[in-house]
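Observations on the model geometry
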Amino acid sequence: MNIKPLADRVVLKKMEAEEKTKSGIVLPGSAKEQPQLAEVLAVGPGTEDVKMEVAVGDTVIFSKYAGTEIKYDGEEYLIASQKDILAVVK
């Protein structure tokens, strides 16, 4: 990973949205609900006030309007503050 987040920020890769509903209906791209699950790809060093509680490889749930979406090397990433992460999924 060539993106190194600063302070209390993390780089996230969103999980793919579901293609079908539980009953088997195939959803078009615009009807898919955007996932709020992501994998942590990089973690900043934290600050004096903020200790980093997530680690690279964690699967997390993040706030719906969190962070900034970027494109880098043809991939889409989300750079968010650690406070926008709601939970770690085990």
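What counts and how
Residues numbered from 1 in each chain as written. Predicted model: local features only at pLDDT ≥ 70, side-chain atom pairs only at ≥ 80, totals over all residues. Heavy atoms only, no water. Core = buried A, V, L, I, M, F, W, Y, C linked by side-chain atoms within 4.5 Å. Buried < 20%, exposed > 50% of the residue type's maximum accessible area, 1.4 Å probe, protein only. Helix = DSSP H or I, 4+ residues; strand = E, 2+ residues; numbered from the N terminus. Contact = heavy atoms within 4.5 Å. Patch = residues over 30% accessible without salt bridge, like charges linked within 9 Å, V, L, I, M, F, W, Y side chains within 5 Å. Areas by Shrake-Rupley, 256 points an atom, 1.4 Å probe, with all protein chains shown as cover. Salt bridge = Lys/Arg side-chain N within 4 Å of Asp/Glu carboxyl O.

1. Thoughts on the nonpolar core
Core analysis: the largest hydrophobic core is formed by 12 residues, namely V10, L12, A38, V40, M52, V54, V60, F62, A66, L78, A80 and I85. Elements with a contribution of two residues or more to this core: strand 1 (9–14), strand 2 (37–43), strand 3 (59–62) and strand 5 (75–81). The residues contacting A80, other than those within four sequence positions of it, are D8, R9, V10, L12 and G67.

2. Some thoughts on a nonpolar patch on the surface
A surface patch of nonpolar side chains, amounting to about 390 Å² of accessible area, comprises M15, L37, I61, L86 and V89. By the element assignment, L37 lies in strand 2.

3. Focus: the pattern of salt bridges
Using the criterion set out here, one finds 3 salt bridges in the structure. E75 is paired through a salt bridge with K13; the nearest N and O atoms lie 2.7 Å apart. With a gap of 62 residues between them, E75 in strand 5 and K13 in strand 1 connect regions that are remote in the sequence. Take E75: its relative accessible area is 36%, and that puts it in the partly exposed class. Residue classification places K13 among the partly exposed positions, given a relative accessible area of 26%. Put simply, E69 and K14 hold a salt bridge, and the shortest N to O gap is 2.7 Å. Of the two residues, E69 is situated in strand 4 (residues 68–72) and K14 in strand 1; the sequence distance between them amounts to 55 residues. Take K14: its relative accessible area is 25%, and that puts it in the partly exposed class.

Function-wise, these values are silent; they only describe arrangement.
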